Structure formats: C-alpha cells, structure tokens
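Close look at the chain arrangement
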Amino acid sequence: MEIGYFTMPSHPPECGLKEGHDWDLQVLRWLDELGYQEAWIGEHHTAPWEPNPTPDLLIAQALMQTKRLRIGPGGFLLPYHHPAELANRVAMLDHLSEGRLNFGVAASGLPSDWAMFNVDGMSGQNRDMTREALEIILKLWTEPAPFTHKGKFWTVSKPDTMFDFLKPHIKPLQAPHPPIGVAGLSKNSDTLKLAGERGFIPMSLNLNPAYVSSHWDSVEIGAAKTGRKPNRQDWRLVREVFVADTDEEAWKLSTGDMMGRMMSEYFLPLLGHFGFKDYLKHAPDVPDSDVTVEYCAKRNWIVGSPATVAEKIEKIYDEVGGFGVLCVFGFDYKHKPEAWHRSLALLKNEVMPRLKHLGSAKKAA
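A quick note: this is a predicted structure, and the numbers were derived from the prediction, not measured.

Side note on the nonpolar core
- Residues F6, L31, Y36, F103, W340, L344 and L347 are the most contacted members of the largest nonpolar core, which totals 119 residues.
- It is helix α9 (residues 258-274) that contributes the most residues to this core, nine residues altogether.
- Dropping the residues within four chain positions of it, W340 is found in contact with Y5, W23, V27, W30, V241, F242, M259, V328, F329, G330, F331 and Y333.

Structure representation (structure tokens):
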C-alpha cells in the first residue's frame, strides 16, 4: 500500500487566497520530502471553504519545488473548460512535470458552481459534458489525422497543416497521456463505472467504509463492459487522517481543531442539504442528527497513535476488500504547522511499516 494526499484545498473563509495557497505549497513540499507517492488538488468556484478555482497554478509551482511527488488536479471540472484549451494546458503541465503529472477529472457537484456556469446539474448535464470533454481531449492527444468533432456541447477541430507550418503540435510528455483519475461519491457511482470501463484510476471520497465497499462493485461493472480486469492496487481511498503520539492528543488535534471545525461548519451542513448524510453512516437506521463530528471521527476518520491508526487502516482494508493507495484528506493547520507535519511524518514512518503485509494477497480483484 502507498500513501498520497487529496486536498480540496480546504481553508477557513477568513483565510486569504494567497495565504491558503502558500500553506498548500508548503504541505506539498513536505509530502515530497517525506516520500509520499502523489497529491491531488481540487477545483471549486463558489465554496468559501474550498477556495481554489485554479489547481493548475498551484500544481505548476509545486512541480518546480518538488522532486519525486506525482501531482495533479483532483480533478479539473470538465464542464467549465473548453476541451481544446484544457488539452493543451494539461499537456504543457505534463512537460513541466517531466512526467510526474496525474490528470484527475470530475463532473462538479456544487449547485452554486452549476449556477455560475449555467450547467443543469440536476438533469445530469454535468456528467454528459464531462464524458464528451474527456473524449475530445483524448482524441486531440491520440488521433494523428485531422478531424472535426461535432458534439452536443462542443465543436472542436484538429486542423490539417496550414500555411506550411501552422498545426496542432502540443502533446503530453507521457504517452499516450498522463494517468487519468476520477473520483466517485454516490452508491453505484456512474463516474466509477467509467473508471472501470476505461481503465482510469478510481478514487473513493471520504465516506463510511461500509458505503465505500460498493464503489469497487461499480468499477467492476464498468470494467466488464469492455472486458477489462481491474486491479485493486489502482484504487485510491480518501480518508481523514490525524496521527499523534497518543490517541488523546490525536483526538484533540482533529475533532477539537480545524478538522472538526471544517466538518461542523461546512461539510456536514453541506451533505445535509444534499441529503447525503447517509454516506457517512455505518448503518442505514442511524438518524441524521447522530451524524456529528464526533460520530464521524469515531466511525469514519483514522485518528490516533501510530498503533491505533495502523489497526484502523487494516480494518478498513479488510472491510472494503483491499485497495492500493490511502490518500490523506488535506486540512488547513497553518496555525499549528508542526502538528500537521508530525501527523504526516508519523503516518509515513511509524504507521506504514506496520502495514507492509497488506496488498500481497489482494493485488487483483
């Protein structure tokens, strides 16, 4: 099992945009120094608690300041980008990365973002746009002949050479393209079926393990359509993680600090508005009112001393049937940077050696 990082990025609303950006950059440098495998950076446009509409600006800077860490959007919200422009931008980023770029894509789930860009998310238009945009991007990267794609949402041409030397020439460094990751939330997720169908990296967002095990079913359903054999080593699970020297200290620094604040002020109310609190429950008969920060910390988060955290990760691993990469959910601890750095370091240096045996027997589905 490997470890990575997934950040929305999350910052409290009073945090300045550059201040938040600088914290994210610092954490990415730490991850590289500590030997984490990868980091994924989210995109949102209308959420003060998720204030980064341009993950590629952070990624470009981070690539210049790191040596080994694979970094990518997690993901670019495809309905809000012209596919030809994004294809060129991602290809350029791949060259800047010297082949360390991952390309995460997403359909966007915030109604306020839908409203800003006039996308009808209630009818699933965002998902249809995502599929079409991705098809165009991949075609621009892999189809050598000129073509015109006339789709439902975009018409894009790859023109033939004009005036002897003008022609589309920007391709990713990684052939045929950077690894593509897609994140899923809901049960029987269409997005994760797409991952299985196309061989993309499936990512399950931070939900109750009892719920997440259904996500691999979606990957397998999609893979069966195209005769693929999905590998559990490719599956990323995003979890809230805080490691400290003792269970008591970890509990205090998580529930009693920024993790608890973000959950109580933003994430839990947001899921409540969408009717999504079920995704956090260990059993369907748990009332919504019981789904509190403390409930999530106890049932869903991975919080505690290195021994406790190792035990909890192994339990989740067994519950879902195995996965390949644990992605730590990113929070803003710039007021206590040493505590967040220590948590990341303890996970890598004290927890992971206790889990070396995981994965040896479950590499394939």
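Considering the packing of aromatic side chains
- For the structure shown, the criterion picks out 15 aromatic pairs.
- Here W49 and Y266 contribute two aromatic rings whose centre-to-centre distance is 6.5 Å and whose plane-to-plane angle is 15°, an arrangement assigned as stacked. Here Y266 lies in helix α9 and W49 lies in the loop between β2 (38-41) and α2 (55-64), a separation of 217 residues in the sequence.
- Through a chain of ring-to-ring contacts, the aromatic side chains of F6, F242, F267, F329, F331, Y333 and W340 assemble into a single cluster.
- For the cation-ring pair, K139 lies above F147, with the distance from its terminal atom to the ring centre recorded as 4.5 Å.

Notes on the sheet that holds strand β8 (residues 180-184)
- Strand order in the open sheet formed by nine strands is β3-β2-β1-β13-β10-β9-β8-β5-β4, with parallel pairing between adjacent strands. The strands lining the two open edges of the sheet, one partner per strand, are β3 (70-73) and β4 (76-77).
- Relative to the sheet, α2 contacts β2, β3 and β4, its axis offset from that of β3 by approximately 165°.

Side note on the pairing of strand β10 (residues 236-239)
- The alternating pattern of β10 places R236 and V238 on one face and L237 and R239 on the opposite face, and all of these are buried.
- Across two bridges, strand β9 (residues 201-204) lies against β10 in parallel orientation. Bridge pairing in β10 places M203 opposite R236.
- Taken together, the four bridges between β10 and strand β13 (residues 325-329) define a ladder with parallel strand orientation. Looking at β13, one finds that R236 is bridged to V325.

About the thresholds
- Residues numbered from 1 in each chain as written.
- Predicted model: local features only at pLDDT ≥ 70, side-chain atom pairs only at ≥ 80, totals over all residues.
- Heavy atoms only, no water.
- Core = buried A, V, L, I, M, F, W, Y, C linked by side-chain atoms within 4.5 Å.
- Buried < 20%, exposed > 50% of the residue type's maximum accessible area, 1.4 Å probe, protein only.
- Helix = DSSP H or I, 4+ residues; strand = E, 2+ residues; numbered from the N terminus.
- Contact = heavy atoms within 4.5 Å.
- Phe/Tyr/Trp six-rings, centres within 6.5 Å; stacked < 30°, edge-to-face > 60°.
- Lys NZ or Arg CZ within 6 Å of the ring centre and 35° of its normal.
- Pairing = 2+ DSSP bridges.
- Axes fitted to C-alpha atoms, helices over the stretch in contact; angles between N-to-C directions.

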